[in-house]
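Chain by chain, the residues run as shown.
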Amino acid sequence: MVMRRRISYLKLLIICLTMTTIMGMWLHYSASNCHCPHSVNNNKNNNKNAVAPRDTHVQKPPQVPREEQQDQEVIDDGDNKKWGPHKLAVVVPFRDRFEELLVFVPHIHKFLKEQKVRHKIYVVNQIDLHRFNRAALINIGFIMGRDEGCDYMAMHDVDLLPMNPDLKYGYPEDGPFHVSSPELHPLYHYKKFVGGILLMKREHFEQVNGLSNMFWGWGREDDELYKRMEEVGLQIFRPEGIETDHTNTFRHIHDRQRRKRDTLRVGSQKELQFRRDRITGVDTVQYSIVSTHKMKVEGAVATIYNVKLDCNTELTPWCNHQK
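The rules behind these values
Residues numbered from 1 in each chain as written. Predicted model: local features only at pLDDT ≥ 70, side-chain atom pairs only at ≥ 80, totals over all residues. Heavy atoms only, no water. Salt bridge = Lys/Arg side-chain N within 4 Å of Asp/Glu carboxyl O. Helix = DSSP H or I, 4+ residues; strand = E, 2+ residues; numbered from the N terminus. Buried < 20%, exposed > 50% of the residue type's maximum accessible area, 1.4 Å probe, protein only. Pairing = 2+ DSSP bridges. 1 Å grid on protein atoms, 1.4 Å probe; cavity = no way out; pocket = protein on both sides within 12 Å on 5 of 7 lines; lining within 4 Å. Points joined across faces, edges and corners; volume = space filled by probe spheres on them. Nonpolar A, V, L, I, M, F, W, Y, C, P; charged D, E, K, R; others polar. Core = buried A, V, L, I, M, F, W, Y, C linked by side-chain atoms within 4.5 Å. Contact = heavy atoms within 4.5 Å. Phe/Tyr/Trp six-rings, centres within 6.5 Å; stacked < 30°, edge-to-face > 60°. Right-handed = clockwise from strand over helix to strand, strands pointing away.

Colleague: Kindly report on the pattern of salt bridges, identifying the contributing residues and their values.
Modeller: Enumeration over the complete set of coordinates arrives at 20 salt bridges. Note that Lys87 and Asp79 form a salt bridge whose closest N and O atoms lie 3.2 Å from each other. Across the pair Lys120 and Glu148 runs a salt bridge whose closest N-O atoms are separated by 2.6 Å. With Lys120 in strand S2 (residues 119-126) and Glu148 in the loop between helix H5 (134-147) and strand S3 (152-156), this pair connects stretches of sequence that are 28 residues apart. For Lys120, a relative accessible area of 15% puts it in the buried group. Taken together, the salt bridges that share partners define one network made up of Glu224, Arg228, Glu231, Arg276, Asp277 and Arg278.

Colleague: A description of the pairing of strand S6 (residues 197-201) should follow, citing residues and the corresponding values.
Modeller: In terms of burial, S6 is a largely internal element, 5 of the 5 residues being buried. Both faces of S6 are covered, namely the face carrying Ile197, Leu199 and Lys201 and the face carrying Leu198 and Met200. When S3 meets S6, the two strands line up antiparallel, connected through 5 bridges. Bridging from a neighbouring strand, Met153 pairs with Met200 of S6.

Colleague: Please give an account of empty space enclosed by the protein that cites residues and values.
Modeller: The tally for this structure, following the rule as stated, stands at 1 cavity of 30 Å³ or more. There is about 50 Å³ of room inside the largest cavity. Ala89, Gly141, Phe142, Gly145, Arg146, Cys150, Asp151, Tyr152, Met153, Met200, Lys201 and Arg202 are the residues that line the largest cavity. Where the lining of the largest cavity is concerned, the elements lending two or more residues are H5, S3 and S6. Per-element tally for the lining of the largest cavity: the top contributor is H5, with 4 residues. Split by residue class, the lining of the largest cavity holds 6 nonpolar, 2 polar and 4 charged.

Colleague: Describe the nonpolar core, and please don't skip the residues or the numbers.
Modeller: Ile140, Met153, Met155, Met200, Phe205 and Met229 are the most contacted members of the largest nonpolar core, which totals 35 residues. Secondary structure elements with two or more residues in this core: strand S1 (88-94), S2, H5, S3, S6, helix H7 (221-231) and strand S9 (300-309). For this core, the element with the most residues is H5, which contributes 8 residues. Excluding residues within four positions of it along the chain, Met155 makes contact with Val91, Ile138, Gly196, Ile197, Leu198, Met200, Phe205, Leu211 and Leu225.

Colleague: Help me get a handle on the layout of surface pockets, residues and values and all.
Modeller: Take a probe with the size of a water molecule and roll it over the atoms, and the empty space left behind shows itself. For the largest pocket, the calculated volume is near 840 Å³. Together, 33 residues line the largest pocket, and Arg97, Phe132, Trp218, Arg261 and Asp262 are the ones closest to its centre. Those elements that place two or more of their residues in the lining of the largest pocket are S1 and H7. Element by element, the count of residues in the lining of the largest pocket is highest for H7, at 3 residues. For the lining of the largest pocket, the class distribution of residues is 10 nonpolar, 6 polar and 17 charged. For the lining of the second largest pocket, the per-class residue count stands at 7 nonpolar, 6 polar and 1 charged.

Colleague: Explain the packing of aromatic side chains residue by residue, including any values.
Modeller: Inspection of every chain in the model, using the stated rule, returns 7 aromatic pairs. Relative to Tyr169, the ring of Phe111 has its centre 5.7 Å away and its plane inclined at 70°; by these criteria the two rings are edge-to-face. Placement of Phe111 in helix H4 (residues 98-114) and of Tyr169 in the loop between strand S4 (160-162) and strand S5 (177-178) is noted, with a sequence separation of 58 residues between them. On the accessibility criterion, Phe111 (8% relative accessible area) is buried. Measuring from centroid to centroid gives 5.5 Å for Tyr190 and Phe193, while their planes differ by 65°, and the two rings are edge-to-face. A relative accessible area of 38% means that Tyr190 is categorised as partly exposed. Its relative accessible area of 5% is what places Phe193 among the buried residues. Here a set of aromatic residues connected by ring pairs shows up, and it is made of Tyr188, Tyr190, Phe193 and Trp218.

Colleague: Could you give an account of the pairing of S2, naming the residues involved and the relevant values?
Modeller: Residues in a regular strand project their side chains so that they alternate between the two faces of the sheet. In terms of burial, S2 is largely enclosed, as 8 of its 8 residues are buried. The side-chain alternation of S2 yields two buried faces, one formed by His119, Ile121, Val123 and Asn125 and the other by Lys120, Tyr122, Val124 and Gln126. As defined by bridge partners, S1 adjoins S2 across 7 bridges and the pair is classed as parallel. Counted as the bridge partner of Phe94 is Asn125 from S2. Taking the sense of rotation as the criterion, the β-α-β connection linking S1, H4 and S2 turns out right-handed. Bridge analysis of S2 against S9 gives 6 bridges, and the strand direction is parallel.

Okay, structure coming up:
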């Protein structure tokens, strides 16, 4: 009797162990295939080591290439509209002075930028075979600047660099402003001198009809412009309170040995150079633009216009005179 009970207990124990094993295996299998969310506590504990899944639907903002970013930082055309409503056309009559231009462009750009003067540099390059005509090139530069929204201009020699920051290039509201006045210019000191650097607003330049186109060769076109301004009653203003003088207000970079002036006067040109020209001006200048180029020097931008001038040989036969 006792033996039978022991055998029954043994069978019962084996059955319990077998069922426990089967139940454990079933629970393990169920847990491995469950997609139920974990508890909040478990998530908090695991967040430190969790790797966030990639969201393929989030778009990053476009990145500017490094080269473009550098260009935006370096290139500055001088037309910052925050500096005011007026815009200056720096008109440079030009021929065969490339090394001087490389100095002038970054210098004048930096000078004007420090004064917060909106500006654009127009280099009007005469490429025909006629004698140099500074006045006609200035007339062309004025037209280009006017058509692009410049409301005043600087007639600016490429070899004359302002060094004193007190020389102002602001809008000449009341009348022409002669920056390189006779007492400050390195070379020319006569009272009626208006060459070198002269600022004029658009209305005043049109009032005198610009400059004469009859001056082929070097010199005298500024003196004729003085007569035009005097005739219409324009008052010429000049810098005041400048503590420098003609020795250090400007840097004159012209090399007279390498680039000799064309001062030859031919035929009636000798007489007419002292007269008021009532035939030609900005409204009669004849030219063609051959090409246009942008030039960047040390971050400063200038626009070069290669132009050919037309010469009326009946009016000015000396335009083609060869030495």
